[in-house]
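The residues making up each chain are set out below.
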Amino acid sequence: MKVWRTQNNWGWVYLSVAIGVGVLAKGPVILLQILPIALMVVFWDKEKRLISKAKWYGFIFLSIIAGAVIALSWAIPAGINGGQAYRDAIFWGQTAGRVVKSFDHAKPFWWYIAFLGPLLLPWFLWAPFWRSLIKGRRNLWADQGIRFCLLWFIPIFIAFSLISGKQFHYLLPIFPALALILARFLSQYQQPFKKWENAVALSIIAILSLALFALPLIKPEKLPPWVGEQNGVAMILVFATFLYAVFKVHRTSFQVVSALSLTMVSFVVALYICVTPYLKTHFDLQAMADQLKVYQDQGYEVGFVGKYHGTFQFMGRMTQPIHELETSRDNRLDDWLVRHPHSKVITIWREEAPDHKAVDYDQPFRNRHFIVFDVEKLDGNFQFLHRSGLVE
């Protein structure tokens, strides 16, 4: 945009840095977030500011090359020092694997479409939004700003829908496009804002807040035990902002949008406060990583049954590897256990740890358990490492 508006070539430097840093952060998929709107300049440049298409696309190509140089300046030394498995992970597995057949977060192509409405709350249920959209529908393509935002959002949304690995936060960089479209329409909205319409827009948030407030008090038996351990008091903050958004008289678009947004922000903050006890016990692996480092310092070899993604290495500041073990091919697990009797082995179970002397550590993680077994204390009985409850 800087180059298009002012013909200032420093914009290409910023693009190069954005690509390089983006590749280091999330891999080449950053190109999917940046390039489509730049490549489609001929469709949104209604003002005909683009002087030379060849120069524009040439600089895009040079920015990609410069960004690649920035990323490879780290990736090549890291790959050389990290070994073959690490090279395969950073140059291939973390990118192509997610695009073609995700090893994690795999979802059907329609998954984003199904959740687009909830992701757009409260605006998806807000009548003024739909009225302004219907009124301005004829200008959707004619307005250069709206056209730019549509070409920013739609192609990337479709592309991410076709990619195997899906997570809600993958779409966050393109949601500002929808926010700009909403702001554009509401800036021309002339009708009075009605309290009941604000209440409908926030209805789902109000219901969820009430449920989160009540569940720790009710402690329903059919739900997981951790539900009753949450701090639902924080939801009072959401109720207060909800009442403000619904019953306060808002005379301008800015006032009503601010009130609705305040309620959403308060809900997110209260939700994090509410689930902090669960997140602390089921997602924080720092204590386990520290313990694994202690095992290694004591001379133990540490193995991991199944695919290991480097979960504990950096967190535990480990200088020795955690060995990736398998249970189905070539008896590699049993062979490794025989060769390394003075070792600890990490498994992932759906159940809690068994009452056995070989269990050294049990760490809840999401709805599973990391369980560390002492191989010597198993006395050759390796069935706990092969049990059907294991998550592959």
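**Student:** What is the right way to look at the overall build of the protein chain in this model?
**Tutor:** Per the secondary structure count, the protein chain includes 18 helices and five strands. For the protein chain, the C-alpha atoms occupy an extent of roughly 80 × 60 × 30 Å along the three principal directions. Among the 392 residues that make up the protein chain, the fraction classed as buried is 40%. For the protein chain, contacts bridging at least 24 residues in sequence account for 66% of all contacts bridging at least 6. Counting only carbon and sulfur atoms, one obtains 65% of the accessible surface of the protein chain, whose full area is about 22300 Å². Taken as two groups, the 39 positive and 26 negative side-chain charges of the protein chain have centres that lie 20 Å from each other.

**Student:** Any chance you could explain the pairing of strand β5 (residues 368-374) here in plain terms?
**Tutor:** On a regular strand, each side chain points to the face opposite its neighbour's, so the side chains alternate between the two faces of the sheet. Counting buried positions over the seven residues of β5 gives six, a clear majority of the element. In the sheet, strand β3 (residues 343-349) pairs with β5 via six bridges, with the strands oriented antiparallel. Across the sheet, the residue bridging to I348 is F370, located in β5. Between the end of strand β4 (residues 359-365) and the start of β5, which pair antiparallel, lie two residues, with R366 showing a positive phi angle near 55°.

**Student:** Just to check I follow, could you spell out the sheet that holds β4 for this structure?
**Tutor:** Strands pair in a sheet through their backbones, by hydrogen bonds, and they do so in one of two ways: parallel or antiparallel. Ordered by their spatial adjacency, five strands build an open sheet running β2-β1-β3-β5-β4, and the pairing between neighbours is mixed. The outermost strands of the open sheet, each flanked by one partner alone, are β2 (323-325) and β4. Averaged over neighbouring strand pairs, the angle between their axes works out to 25° when direction is ignored. Sheet analysis places β4 next to β5, joined by six bridges and oriented antiparallel. Considered in β5, the bridge of P364 is made with H369.

**Student:** So what exactly am I meant to see when it comes to helix α3 (residues 30-39) here?
**Tutor:** Note on helix geometry: an α-helix contains 3.6 residues per turn, so any two residues three or four positions apart are oriented the same way. Of all 10 residues in α3, seven are buried; the element is thus mostly enclosed. Where α3 is concerned, the buried positions are I30, Q33, I34, L35, P36, I37 and A38.

**Student:** Quick question: what am I supposed to make of the environment of P28 here?
**Tutor:** Along the chain, P28 turns up in the loop between α2 (10-26) and α3. The partly exposed category is assigned to P28, whose relative accessible area is 41%.

**Student:** Can you walk me through the packing of helix α8 (residues 111-119) against helix α10 (residues 144-162) in this structure?
**Tutor:** Helices that pack against each other are described as a pair by the angle of their axes relative to one another and the distance between those axes. With their axes 9 Å apart at the nearest point, α8 and α10 run at an angle of 130° to one another. Taken as axis vectors, α8 and α10 run oblique relative to one another. For the pair α8 and α10, the contacting residues are Y112, I113 and L116 in the first and F153, F157, F160 and S161 in the second. Its residues placed into classes, the contact of α8 with α10 shows six nonpolar, one polar and no charged.

**Student:** Help me out: how do you make sense of the side chain of Q363 in this one?
**Tutor:** Structurally, the position occupied by Q363 is in strand β4. In this structure Q363 comes out as buried when scored by relative accessible area, which is 7%. Within the structure, the side chain of Q363 is placed 3.3 Å from the backbone oxygen of T281, a separation counted as a polar contact. Those residues in contact with Q363, other than ones at most four positions away along the chain, are T281, D284, L285, M288, R368, H369 and F370.

Conventions we followed
Residues numbered from 1 in each chain as written. Predicted model: local features only at pLDDT ≥ 70, side-chain atom pairs only at ≥ 80, totals over all residues. Heavy atoms only, no water. Helix = DSSP H or I, 4+ residues; strand = E, 2+ residues; numbered from the N terminus. Buried < 20%, exposed > 50% of the residue type's maximum accessible area, 1.4 Å probe, protein only. Contact = heavy atoms within 4.5 Å. Areas by Shrake-Rupley, 256 points an atom, 1.4 Å probe, with all protein chains shown as cover. Lys, Arg positive; Asp, Glu negative; His and termini not counted. Charge placed at Lys NZ, Arg CZ, Asp CG, Glu CD. Pairing = 2+ DSSP bridges. Axes fitted to C-alpha atoms, helices over the stretch in contact; angles between N-to-C directions. Parallel < 35°, antiparallel > 145°, perpendicular 65-115°, else oblique. Nonpolar A, V, L, I, M, F, W, Y, C, P; charged D, E, K, R; others polar. Polar contact = N/O pair within 3.5 Å; in protein donor to acceptor, adjacent residues only side chain to side chain.

Any functional reading would require information that these geometric values do not contain.
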